[in-house]
Amino acid sequence: MNWKFWQKNKDTAPKKKKTKSREWFDAVVFAVIAATVIRVFFIEAYTIPTGSMERSLLIGDFLFVSKVNYGARIPMTPVAFPFAHHTMPITGTKAYYDGIQWKYRRLPGMQDIKRNDVVVFNFPDGDTVALEAQDRDYYDMVRSVGRQAVHNQYTIVSRPVDKRENYIKRCIGISGDILSMSNGLVSINGKPEPMKNTGQIDYLVKFKTSDVNFQVFEEMGFVIDRDISAISQDSYNFVGTPEMMEKVKKLDFVAAVNTRTAVPGAAEPNVFPQDPNRKWNADNWGPVQIPKKGWTVKLDSASMPLYQRAITIYEGNKLEKVAGGWKINGVKTDSYTFKMDYYWMMGDNRHNSLDSRYWGFVPEDHVVGKALFIWMSYDTNGSFFSKIRWNRLFRGIH
């Protein structure tokens, strides 16, 4: 007697064939899941929208950014629409649900962030956003016209860490470094670090004659309308790298080449840490010590402007000023020990970049990944046959 008669029936029963629509649905679901896993844990594509990283990265460069190098960040806002960052492309509504939030965790990476790495990260000041002016820093707007005026004019929303705007800059300083800048020259731990051939600032170039053939500068890599502008009949503002300006200096019709930097002590109110006691500007600031995990800072009137936002916003503590000192989470203390590593990021185009000089440190939980290479570069201003910058395709980022 066959005691497994049910298996025979099961094997011989005709299988229901999937419909074409069901096959397509299954294929789409699989593709979305696979692409999402790749995007979250391995590699993601990004586009350069501004000129803050010229000359190393140009507007219209399309990059691949590795999540593996520094370790993939586990999604902190796990319920989200696939392939949308923070806003739905058509409706303009939120592309995520912030009712579920996971704590910051990161998978092991292949390396730590090093100085001069080109890093993609979430905008540290992007925790609060004016929806009708998302290209502007909310805190800068508040400093300019006041909180009430901003809230009266715009719709204000908050965003979780991983849904803040993506920025790309070069890591100038790592956790524990002491940074300063004098006349446009950065010093790291007391040692001056001249810009490499990807960094550029403004220069004042004075000619011996007003009759100048500007095609010479095009051959050096300058873009006339973008990098060169007239100040007077024989003086021009040049934006270039130190190597390019050395070539300009050697031309027989050039009288002088000097950097154009802000005067030390001429305070810029928007420069970090927006402290009236520090007369800093974009070319002259510091020293600043970058917080490091486990580093303990003394809390006083000098340190608080530098580290208050890190202690409260980035590390989630309640900070109160009380008689004779401070309270953190209700406990009186005169010091604080940091829980995360931090970094100092700056654009290569030093005089056309909103970076750590304006909003301070980048916490490790904001780091997205390391920029690897350019897979496409598109110049919207180019002619029909030169819109694609063929010489930039598959170029590594150094």
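An unreviewed UniProt entry annotates the chain as Signal peptidase I originating from Pedobacter cryoconitis. For the chain, the Catalytic activity (unreviewed entry) comment in UniProt is given as "Cleavage of hydrophobic, N-terminal signal or leader sequences from secreted and periplasmic proteins." Taken directly from UniProt, the Subcellular location (unreviewed entry) text for the chain runs: "Membrane".

1. So, the overall build of the chain
Counting its regular elements, the chain contains nine helices and 23 strands. Overall, the C-alpha framework of the chain stretches about 110 × 70 × 45 Å when taken along its three principal axes. Residue burial in the chain is summarised as follows: out of 398 residues, 42% are buried. Sequence-distant contacts in the chain: of pairs separated by 6 or more residues, those separated by 24 or more amount to 69%. Computing the positive centroid from 54 side-chain charges and the negative centroid from 42, the chain places the two 9 Å apart.

2. Here's the deal with the pairing of strand β7 (residues 178-182)
With burial as the criterion, only one face of β7 is covered, namely that bearing Leu-179 and Met-181; the residues Ile-178, Ser-180 and Ser-182 on the opposite face remain uncovered. Where β7 meets strand β14 (residues 285-289), three bridges bridge the pair, whose relative direction is antiparallel. In the strand pairing of β14, Met-181 is matched with Trp-285. Remark: two residues form the turn of the hairpin made by β7 and strand β8 (residues 185-188), two consecutive strands paired antiparallel; Asn-183 in that turn has positive phi of roughly 50°.

3. Quick word on the UniProt feature "transmembrane region" (unreviewed entry) in the chain
With numbering matched to this structure, UniProt assigns "transmembrane region" (unreviewed entry) to residues 24-42. With 95% helix and 0% strand, residues 24-42 has its two end C-alpha atoms placed 26 Å apart.

4. Digging into the sheet that holds strand β9 (residues 191-193)
Strands sit in the order β9-β8-β7-β14 across an open sheet of four strands; the sheet is antiparallel. Only two strands of the sheet have a single neighbouring strand rather than two, namely β9 and β14. Across the sheet, the axes of successive neighbouring strands diverge by a mean angle of 25°, strand direction being ignored. Pairing of β7 with β8, which is carried by four bridges, proceeds in the antiparallel orientation. Looking at the pairing, Ser-182 lines up with Leu-185 of β8.

5. Let's talk about the layout of surface pockets
Of the pockets and cavities examined, the largest pocket occupies roughly 1,100 Å³. If you go around the largest pocket, you meet 46 residues; those closest to its centre are Pro-49, Thr-50, Glu-165, Asn-166 and Tyr-167. Secondary-structure elements contributing two or more residues to the lining of the largest pocket are β1 (43-47), β2 (61-66), β4 (128-130), α3 (138-145), β6 (166-173) and α9 (356-359). When grouped by side-chain class, the residues that make up the lining of the largest pocket number 16 nonpolar, 15 polar and 15 charged. Forming the boundary of the second largest pocket are 24 residues, of which Arg-39, Val-40, Pro-75, Asp-162 and Lys-163 lie nearest the centre. Elements that contribute at least two residues to the lining of the second largest pocket include exactly α2 (20-41), β1 and β22 (367-377). In terms of residue count, α2 provides more of the lining of the second largest pocket than any other element does, three residues in total. Residue classes in the lining of the second largest pocket are distributed as 13 nonpolar, five polar and six charged.

The rules behind these values
Residues numbered from 1 in each chain as written. Predicted model: local features only at pLDDT ≥ 70, side-chain atom pairs only at ≥ 80, totals over all residues. Heavy atoms only, no water. UniProt positions renumbered as here; feature names shortened; annotations may be inferred. Helix = DSSP H or I, 4+ residues; strand = E, 2+ residues; numbered from the N terminus. Buried < 20%, exposed > 50% of the residue type's maximum accessible area, 1.4 Å probe, protein only. Contact = heavy atoms within 4.5 Å. Lys, Arg positive; Asp, Glu negative; His and termini not counted. Charge placed at Lys NZ, Arg CZ, Asp CG, Glu CD. Pairing = 2+ DSSP bridges. Axes fitted to C-alpha atoms, helices over the stretch in contact; angles between N-to-C directions. 1 Å grid on protein atoms, 1.4 Å probe; cavity = no way out; pocket = protein on both sides within 12 Å on 5 of 7 lines; lining within 4 Å. Points joined across faces, edges and corners; volume = space filled by probe spheres on them. Nonpolar A, V, L, I, M, F, W, Y, C, P; charged D, E, K, R; others polar.

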